[in-house]
Amino acid sequence: MKTALALVVGVVIGVVVWLLGVPGEWAVVLAVPPTAFAVLVSRLPRATDVLWVSAPPPPASISTGHASTLASRLEEAADDPRRYDERFRARLERLGIAGGMPDPKTLAEKLRRVE
């Protein structure tokens, strides 16, 4: 569609130049460069188009970042018990969650109370 519009612009340029008194052959010669430029521009990808995207919303609180970090570390700890011992046992004991890893519902409830 854009290419057809560019060609129509070229024909209009040629007709306008011809109506101004230029011979037909010269009108065509003078209309070809702007037409070629218009076709070229119509076929270019829109790599320079501006993408209007709103800024990301600020996190609700500092606990948002901690929760995502905790989830990834708990996933790692499930695969490697040594990591659980190194990273979480002392921290969970300070929070009042002693012993082995509680089931997920109990852990979520206790962490919610700590928050």
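Residues numbered from 1 in each chain as written. Predicted model: local features only at pLDDT ≥ 70, side-chain atom pairs only at ≥ 80, totals over all residues. Heavy atoms only, no water.

What about the overall build of the chain?
Consideration 1: In terms of regular secondary structure, the chain is built from six helices and zero strands.
Consideration 2: Of the regular secondary structure in the chain, the N- to C-terminal order runs α-α-α-α-α-α.
Consideration 3: The proportion of buried residues among the 115 residues of the chain is 14%.
Consideration 4: Put simply, of all contacts in the chain between residues at least 6 apart along the chain, 35% involve residues at least 24 apart.
Consideration 5: Of the roughly 9400 Å² of accessible surface on the chain, 66% is carried by carbon and sulfur atoms. (Helix = DSSP H or I, 4+ residues; strand = E, 2+ residues; numbered from the N terminus. Buried < 20%, exposed > 50% of the residue type's maximum accessible area, 1.4 Å probe, protein only. Contact = heavy atoms within 4.5 Å. Areas by Shrake-Rupley, 256 points an atom, 1.4 Å probe, with all protein chains shown as cover.)

Brief notes about the packing of helix 1 (residues 2-19) against helix 2 (residues 24-43)
Consideration 1: In the contact formed by helix 1 and helix 2, the axes pass within 8 Å of each other and the chain directions differ by 155°. Taken together, the axes of helix 1 and helix 2 are roughly antiparallel relative to one another. The two elements helix 1 and helix 2 meet at a crossing, and its hand is right-handed. Packed against helix 1, whose contacting residues are K2, T3, A6, L7, G10, I13, G14, V17 and W18, the element helix 2 presents G24, A27, L30, A31, P34, T35, A38, V39, S42 and R43 at the interface. (Axes fitted to C-alpha atoms, helices over the stretch in contact; angles between N-to-C directions. Parallel < 35°, antiparallel > 145°, perpendicular 65-115°, else oblique. Left-handed = near helix turned anticlockwise from the far one by under 90°.)

What about a nonpolar patch on the surface?
Consideration 1: On the surface, V8, V12, V16 and L20 cluster together to form a nonpolar patch covering roughly 380 Å² of accessible area.
Consideration 2: Tracing the sequence through the fold places L20 in the loop between helix 1 and helix 2.
Consideration 3: Given a relative accessible area of 71%, L20 falls into the exposed group. (Patch = residues over 30% accessible without salt bridge, like charges linked within 9 Å, V, L, I, M, F, W, Y side chains within 5 Å. Salt bridge = Lys/Arg side-chain N within 4 Å of Asp/Glu carboxyl O.)

Comments concerning helix 1
Consideration 1: When the terminal C-alpha atoms of helix 1 are compared, their 26 Å separation across 18 residues agrees well with the 26 Å that a helix rising 1.5 Å per residue should span.
Consideration 2: Within helix 1, the full set of buried residues consists of A6, G10, G14 and V17. One side of helix 1 carries all its buried residues, which in axial view fall inside an arc of 80°. Across helix 1 from its buried face, at more than 90 degrees, point the exposed residues L5, V11 and L19.
Consideration 3: Lining the buried residues of helix 1 we find helix 2.
Consideration 4: Positive phi appears at G21, one or two residues downstream of helix 1, with a value of about 105°. (Expected span 1.5 Å × (residues − 1). Arc of directions from axis to C-beta.)

Section: the side chain of T35
Consideration 1: Tracing the chain through its elements places T35 in helix 2.
Consideration 2: A distance of 2.6 Å separates the side chain of T35 from the backbone oxygen of A31, its partner in a polar contact.
Consideration 3: If we ignore the near neighbours within four places in the chain, the residues touching T35 are A6, L7 and G10. (Polar contact = N/O pair within 3.5 Å; in protein donor to acceptor, adjacent residues only side chain to side chain.)

Brief notes about the confidence of the model for the chain
Consideration 1: The share of residues in the chain with pLDDT of 70 or more is 77%, and the mean pLDDT across the chain is 77.
Consideration 2: For the chain, helix 3 (residues 62-79) is the element with the lowest average pLDDT, namely 68, and helix 2 is the one with the highest, namely 89. (pLDDT = per-residue confidence, 0-100.)

Details of helix 2
Consideration 1: Look at helix 2: 28 Å from first C-alpha to last across 20 residues, which is about the 28 Å you get at 1.5 Å a residue.
Consideration 2: The sharpest bend along helix 2 reaches about 30° and sits at V32, with the proline P33 one to four residues further on.
Consideration 3: Taken residue by residue, helix 2 has A27, A31, T35, V39 and S42 as its buried positions. (Bend = angle between axes of the 7 residues up to and from the residue.)

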